[in-house]
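# Close look at the chain arrangement
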Amino acid sequence: MIVSVFDSHTFDRVALDEANKGKHELRFLPTRLSLATADLAKGSAAICCFVNDCLNEAVLTRLKELGVKLVALRSAGFNHVDLTAAKKNGLRVTRVPEYSPYAVAEHAVALLLDFNRKISKAHNRVRDMNFSLDGLVGFDLHGKTVGVVGTGKIGQVFAQIMRGFGCNVLCFDLQPNEQWAKDNKVQYCDLKTLFKSSDIVSLHIPLNEKTKHIISEDALSMMKKSVVLINTGRGGLIDSKALIKSLKQKRIGGACLDVYEEEEGVFFCDLSESGVNDDTLARLLTFPNVSITAHQAFLTHEALKNIAETTLSSITTFEKGASLLPAVTLC
Ligand code: NAI
């Protein structure tokens, strides 16, 4: 089957080629999918997309006209796909529901440790022969209260790692897993209590109409003045303008962000020559107490291998006309 792989990078190509073993014709496209680039899929029965590809009604309608039958997402999250439009156009959509909760949870912890112990700052100083320790004071994680919003696959791993640090863990989820909580000595509570009581708040819920801007001005105002907010979920979970306001007023301790609500067209791109046009992101980058990575929490060898294998298995199953696994099928 001919598959156009949008928004593909060297690491995607290596993992997908390895899993494909020459079975399908993979056409790697560095460009993101949009209405302007959809025609690049001409001649492909399937396309393979990532989180910043645009899969709205207009794009999906065009893909159908071009003869595309399958959209294979290389992601777990699917908030960027208009599933109603996909169904209307008779397109099947698959995703990779689980590839490595460890990759994402461990990145959240890495962001927290780097932020708290000022590792990047210290590294830059030392390389500049500046061995001063002023301004590098962190805090012990041991004994602190960590609020985990969303205790699915990633949230559970994150909570368990934080328990290993000797933290008290408070959790919120629409579907609490009481047995897991008991086994790991963590406690479920309501969202307000979590916001009010936590020294660290980490987001591990999907982005949808209910969760958009769950971190609002109101939510931020409930949190401790020293709170460190971590977001490896989706950018839209945080109202970025409200976050900037809180940071300016020193109402929170800081933020560690792997995702940003307007990351499309910025994250995954080298803008070192051109700079960014997004004033909100530019402002966030000016705060000394904001750490940002460009949506790389998934980026481990193990995760890339699992993503590639699941994606290609779905493509092969679809080509054979066999039933797609319910876990990977969105429509
Ligand atoms: P999951 O489906 O295993 O867990 C999500 C949890 O959120 C579930 O327990 C669900 O009950 C809960 N939930 C849903 N809506 C809620 C609400 N309104 N309030 C409270 N809880 C709610 O998903 P998983 O694998 O743990 O992933 C979580 C999110 O992480 C994904 O949706 C995705 O957006 C993000 N992600 C980010 C990556 C990155 O590279 N930064 C990579 C992979 C996932």
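Refer to the structure presented above.
So, here is what we can say about the structure in this document.

Basis of the calculations
- Residues numbered from 1 in each chain as written.
- Predicted model: local features only at pLDDT ≥ 70, side-chain atom pairs only at ≥ 80, totals over all residues.
- Heavy atoms only, no water.
- Helix = DSSP H or I, 4+ residues; strand = E, 2+ residues; numbered from the N terminus.
- Rg over C-alpha atoms; globule rule 2.2 N^0.38 Å.
- Buried < 20%, exposed > 50% of the residue type's maximum accessible area, 1.4 Å probe, protein only.
- Contact = heavy atoms within 4.5 Å.
- Near = heavy atom within 4 Å.
- Polar contact = N/O pair within 3.5 Å; in protein donor to acceptor, adjacent residues only side chain to side chain.
- Areas by Shrake-Rupley, 256 points an atom, 1.4 Å probe, with all protein chains shown as cover.
- Nonpolar A, V, L, I, M, F, W, Y, C, P; charged D, E, K, R; others polar.
- Core = buried A, V, L, I, M, F, W, Y, C linked by side-chain atoms within 4.5 Å.

### As for the overall build of the protein chain
Summing up its helical and strand segments, the protein chain has twelve helices and twelve strands in all. Relative to its length of 331 residues, the protein chain is compact, with a C-alpha radius of gyration of 21 Å against a globular reference of 20 Å. Seen through its principal axes, the protein chain has C-alpha atoms that stretch 60 × 50 × 35 Å. Among the 331 residues that make up the protein chain, the fraction classed as buried is 50%. Here the contacts in the protein chain between residues at least 6 apart in sequence split such that 64% fall between residues at least 24 apart.

### Quick word on the site of the ligand
The full set close to the ligand counts 21 residues, and Tyr99, Lys153, Ile154, Asp173 and Thr232 are the nearest of them. Thr232 is positioned with one of its backbone polar atoms (N or O) 3.0 Å from a nitrogen atom of the ligand. Taking Arg234, its side chain carries an N or O atom lying 3.4 Å from an oxygen atom of the ligand. Expressed as a share of its isolated accessible area of 870 Å², the protein-covered part of the ligand is 86%. Classifying every residue of the shell around the ligand by side-chain character gives nine nonpolar, eight polar and four charged.

### Side note on the nonpolar core
Ranked by size, the top nonpolar core spans 33 residues in total, and within it Phe195, Val201, Ile215, Leu229 and Leu243 carry the most contacts. Look past the residues within four positions of Leu229 in its chain and what remains in contact with it is Val201, Ile215, Leu220, Met223, Ile238, Leu243, Gly254, Ala255 and Cys256. Counting 25 residues, the second largest nonpolar core, distinct from the first, contains Val5, Leu26, Ala303 and Ile307.

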